[in-house]
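Architecture at a glance
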Amino acid sequence: MSNNRVSRRQFLSYTLTGVGGFMAAGMLMPMLRFAIDPVLQSHAGGNFIKTEHKIADITEKPVKVDLKFEQVDAWYKSEVTNVAWVFKQGDQIVALSPVCKHLGCMVDWGSDSTHPDQFFCSCHGGRYEKNGNNVKGTPPLGPLDEYEVKEEDGYLSLGPIRANTLVK
Amino acid sequence: MYFNASDVTSFMAQKEFIDTAIVPLVSVDLTPEKMKQSGTEADFLLSLTSFIEQQFKGRLLLMPPFSSSATLKNEDLPKQLEAQLHNAGFKHVFFITCDHFWTNIGEEVNVIWLPAIPLESMDRGVKNSILEDQLRQVIPMLSTKWAQI
């Protein structure tokens, strides 16, 4: 037999320490998890949605890009398609929201033949410059909103809508 | 604008800009052979009118659909409704339907008739492009009326 035999006293104290340790861990772990939970939480609203549009295809001419996501209204789920007007300004990619700041119609690029280089709202003739700035004298009172833009594997991703940052 | 409390509030505040009412006329046919077709029509009409609403939100108010079954159809309904909508301050009133019954009163009120396209079997991309095509049919009718004023 080996020399260092475990005495009854030692055996009991080891067992008690072990079991006590497990119990303490069982109490402390959830506490710790709750304490650091806010750090681990992903930020709702900061979600970027990947579109089917390649970054390389974006030119200086604004094009319509579809943005699909699921919207939950109470128990009713529906897939919603939003649209963004996407173009390149220098090296920067710009995605403007198509919602007119007047009463919420959809604006169109260049559909007014007298102003081919402006966004045009067919409801009440509102016009915006390419950077989204509202043309004075037309109904809209503010510039078009802007999407946050990100690149993901060569494809364009659009984030939450924020106020226009291009218009100074 | 939809016919709900928040949109009607903005309509009340912006009456001079929102001068058009769109009324979907839905026919409910309950005979076994036509019931499915009737469902297709209702689905198509409501999808299309919400799409129109999305595009022209600031110019028009989309009324809740007026539905009628075979025996309840009455040519007076659109005429009376139009008169009441004019009284409420709408300059233009459009009725949209997939049912030929209403086309013969087209001379007195604006009726836009469109063929019902079965949307149920399509995936979303196709559905959207079909609705966009249909919208392109409707826009000229709206814009000619809007240009007349």
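Concerning the confidence of the model for chain A
- Of the residues in chain A, 95% reach a pLDDT of 70 or more, and the chain-wide mean stands at 85.
- Looking across chain A, the model is least confident in strand S2 (residues 63–73) of chain A, with a mean pLDDT of 81, and most confident in helix H1 (residues 8–40) of chain A, with 92.

What to know about the sheet that holds strand S6 (residues 119–121) of chain A
Residue and element names in this part refer to chain A.
- With antiparallel pairing, three strands are arranged side by side in an open sheet as S5-S6-S7. Of all strands in the sheet, those with a lone pairing partner are strand S5 (107–109) and strand S7 (126–128), marking the two edges. Each adjacent strand pair in this sheet contributes to an overall mean axis angle of 25°, direction not counted.

Considering the side chain of Ser38 of chain B
Residue and element names in this part refer to chain B.
- If you trace the backbone, Ser38 turns up in helix H2 (residues 35–55).
- Using a relative accessible area of 8% as the deciding quantity, one classes Ser38 as buried.
- Setting aside residues up to four positions removed in sequence, Ser38 forms contacts with Ser27, Val28 and Asp29.

Structural notes on the state of the cysteines
All names here are of chain A.
- Under the definition given, this model contains one disulfide over all chains.
- Here Cys105 pairs with Cys123 through a disulfide, and the sulfurs are 2.2 Å apart. Looking along the S-S bond of the Cys105-Cys123 disulfide, the torsion reads about -100°, which is the left-handed sense. Taken together, the residues Cys105 in the loop between strand S4 (92–96) and S5 and Cys123 in the loop between S6 and S7 connect sequence positions 18 residues apart. With respect to burial, Cys105 and Cys123 carry one shared label: buried.
- Sulfur of Cys100: no disulfide; nearest cysteine sulfur belongs to Cys121 and is 3.7 Å away.
- Residue Cys100 is classed as buried on the basis of its relative accessible area, which comes to 5%.

What counts and what doesn't
- Residues numbered from 1 in each chain as written.
- Chains lettered and ligands numbered in written order.
- Predicted model: local features only at pLDDT ≥ 70, side-chain atom pairs only at ≥ 80, totals over all residues.
- Heavy atoms only, no water.
- pLDDT = per-residue confidence, 0-100.
- Helix = DSSP H or I, 4+ residues; strand = E, 2+ residues; numbered from the N terminus.
- Pairing = 2+ DSSP bridges.
- Axes fitted to C-alpha atoms, helices over the stretch in contact; angles between N-to-C directions.
- Buried < 20%, exposed > 50% of the residue type's maximum accessible area, 1.4 Å probe, protein only.
- Contact = heavy atoms within 4.5 Å.
- Disulfide = S-S within 2.5 Å.

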